[in-house]
Amino acid sequence: AKQPEDAARLTRAAQDLAASLRALPQAPSLDSLRGSEGEAARTYFAALNLLVRPDLRDVFAMDGRSRRPPRDCMNAVLSFLYSMSMNDCRSACEAAGLDPQLGFLHAVRPGRAALALDLMEEFRPLADRLALTLINRGQLGPKDFSLREGGAVLLEGDARKAVVVAYQERKQDLLTHPLLAESVALGVVPLVQARLLARHVRGEADAYLPFVTR
């Protein structure tokens, strides 16, 4: 696609996502809220394709988000990064004294860390950004994936190690937390957010301020 066409499609997607965000406070029920989130996710992941280098889009094209199993290379990278983020968020919930199984947005199911999944929503854009960086810099390519029986696409051993290293390095990045107004390592932010959430749940804070990636 030509760059101006990409820019126009990205602009439309951003406008649609902004409209979805504005509609959230008026959601009449949790099911309605989840429906809006699902529609926004479809818009978001469709636009994510446009952020891949044009010469790599055939390899990393994704037709929506597929999880169990991932059905393409991009979903394989995202699933691997999300699993690491999920583990960090689960540990953060437990360290803050919260039960990671009892969530708000994600439905409570046996064996599902719903609260950790809720918290992880704040950090998905960071994983997405890292995936795009690794792909667009050529650090991941078609040789790093394998197609398994049933259509699953998986990240291979050496590439998995490279993604883990990149993820751990990214966690060392420093940023200014908007509420604390001090510099913290990105890897510490899930714990900070879990503690802020715990304060709100216990009635020690009037509201919970989510971490929004800029």
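Preceding this paragraph is the structure being described.
These numbers come from a predicted model, not from an experiment.

A. View of the overall build of the protein chain. Check the secondary structure of the protein chain and you find eight helices and four strands. In the protein chain, the order of α-helices and β-strands from amino to carboxyl end is α-α-α-α-α-α-β-β-α-β-β-α. Seen through its principal axes, the protein chain has C-alpha atoms that stretch 50 × 40 × 35 Å. The buried share among the 214 residues of the protein chain stands at 40%.

B. Layout of the packing of helix α4 (residues 73–95) against helix α7 (residues 157–170). The N-to-C vectors of α4 and α7 enclose an angle of 45°; their axes lie 10 Å apart at closest approach. Classified by the interaxial angle, the pair formed by α4 and α7 is oblique. The way α4 lies across α7 gives a crossing that is right-handed. For the pair formed by α4 and α7, the contact residues are Phe 80, Leu 81, Met 84, Ser 85 and Asp 88 on the first element and Arg 160, Val 163, Val 164 and Tyr 167 on the second. Counted by class, the contact of α4 with α7 contains six nonpolar, one polar and two charged residues.

C. Region of the structure containing the nonpolar core. Counting 50 residues, the largest nonpolar core has Phe 60, Leu 78, Leu 81, Leu 140, Phe 145 and Val 163 as the members making the most contacts within it. At the level of secondary structure, the elements contributing two or more residues to this core comprise α2 (30–48), α4, α5 (114–120), α6 (124–136), β2 (153–155), α7 and α8 (189–201). By residue number, the principal contributor to this core is α4, which donates 13 residues. Look past the residues within four positions of Val 163 in its chain and what remains in contact with it is Phe 80, Leu 81, Met 84, Leu 134, Leu 140 and Leu 155.

D. Representation of α6 in the model. Along its 13 residues, α6 runs 18 Å from first to last C-alpha, staying within 8% of the 18 Å computed at 1.5 Å per residue. Summarising burial for α6: ten of the 13 residues are buried, a large majority. Once α6 finishes, Gly 138 follows within two positions and takes phi at roughly 80°, a positive value.

E. Quick look at the pattern of salt bridges. Throughout the structure, instances matching the rule amount to eight salt bridges. Residues Arg 57 and Asp 6 are paired through a salt bridge, measuring 2.8 Å at the closest nitrogen-oxygen approach. With a gap of 51 residues between them, Arg 57 in helix α3 (residues 57–60) and Asp 6 in helix α1 (residues 3–23) connect regions that are remote in the sequence. Like Arg 57, the residue Asp 6 is buried in the burial classification. With its nearest N and O atoms 3.2 Å apart, the salt bridge here joins Glu 121 to Arg 124.

F. Up close: the side chain of Ser 66. You can see Ser 66 is positioned in the loop between α3 and α4. A polar atom in the side chain of Ser 66 sits 3.0 Å from the backbone nitrogen of Arg 71. Excluding its chain neighbours within four sequence positions, the residues that come into contact with Ser 66 are Arg 71, Asp 72, Asn 75 and Ser 79.

G. Structural detail: the environment of His 106. Structurally, His 106 can be placed in the loop between α4 and α5. Accessibility expressed as a relative area gives 13% for His 106, which makes it buried. Separated by twelve residues in the primary sequence, His 106 and Asp 118 have C-alpha atoms spaced 6.3 Å apart. Leaving out residues up to four positions away in the same chain, His 106 has contacts with Arg 34, Arg 112, Ala 114, Leu 117, Asp 118 and Glu 121. Among the polar contacts made by the side chain of His 106, one reaches the side chain of Asp 118 at a distance of 2.6 Å.

H. How the structure looks around the packing of aromatic side chains. Throughout the structure, instances matching the rule amount to three aromatic pairs. Here Tyr 44 and Phe 45 contribute two aromatic rings whose centre-to-centre distance is 5.2 Å and whose plane-to-plane angle is 80°, an arrangement assigned as edge-to-face. The exposure class assigned to Tyr 44 is partly exposed, which follows from its relative accessible area of 29%. On the numbers, 5.8 Å between centres and 75° between planes, the contact of Phe 60 with Phe 145 is edge-to-face.

Quick notes on the rules
- Along each chain, residue indices are assigned from 1 in the same order as the chain's sequence is written.
- Note on the predicted model: pLDDT of at least 70 is required for a residue's local features to be given, and 80 or more for side-chain atom pairs to be given and counted; whole-chain, interface and lining totals, by contrast, use all residues.
- Values reported for side chains reflect all heavy atoms of the structure, with hydrogen atoms and water molecules removed beforehand.
- Strands are runs of DSSP state E lasting at least two residues, helices are runs of H or I lasting at least four, and both sets are numbered from the N terminus onward.
- Relative accessibility under 20% of the residue-type maximum defines a buried residue, over 50% an exposed one, and the middle range a partly exposed one, all with a 1.4 Å probe and only protein chains included.
- Here the axes come from fitting lines to C-alpha atoms, over the contacting stretch only for helices, and the angles between their N-to-C directions go from 0 to 180 degrees.
- An angle counts as roughly parallel when it lies under 35 degrees, as roughly antiparallel when it exceeds 145, as roughly perpendicular when it falls between 65 and 115, and as oblique in every other case.
- Crossing handedness is read from the near helix: turned anticlockwise from the far helix by less than a right angle, it gives a left-handed crossing, and turned clockwise, a right-handed one.
- When checking whether two residues touch, look at their non-hydrogen atoms; a contact exists if any pair is within 4.5 Å.
- Asp, Glu, Lys and Arg are counted as charged, while Ala, Val, Leu, Ile, Met, Phe, Trp, Tyr, Cys and Pro are counted as nonpolar; the rest, among them Gly, fall into the polar class.
- Buried Ala, Val, Leu, Ile, Met, Phe, Trp, Tyr and Cys residues that are joined via side-chain atoms within 4.5 Å together make up what is termed a nonpolar core.
- Every helix has an expected span of 1.5 Å times one less than the residues it contains.
- The term salt bridge refers to a side-chain nitrogen of Lys or Arg lying within 4 Å of a carboxyl oxygen of Asp or Glu.
- In the analysis that follows, any N or O atom pair within 3.5 Å is treated as a polar contact, provided that within protein one partner can donate a hydrogen and the other can accept it, and provided that, for residues neighboring in sequence, both atoms belong to side chains.
- In summary, the pairing rule links any two rings of Phe, Tyr or Trp, Trp by its six-membered ring, whose centres are within 6.5 Å, and it sorts them by plane angle into stacked for under 30 degrees, edge-to-face for over 60 and tilted for everything else.

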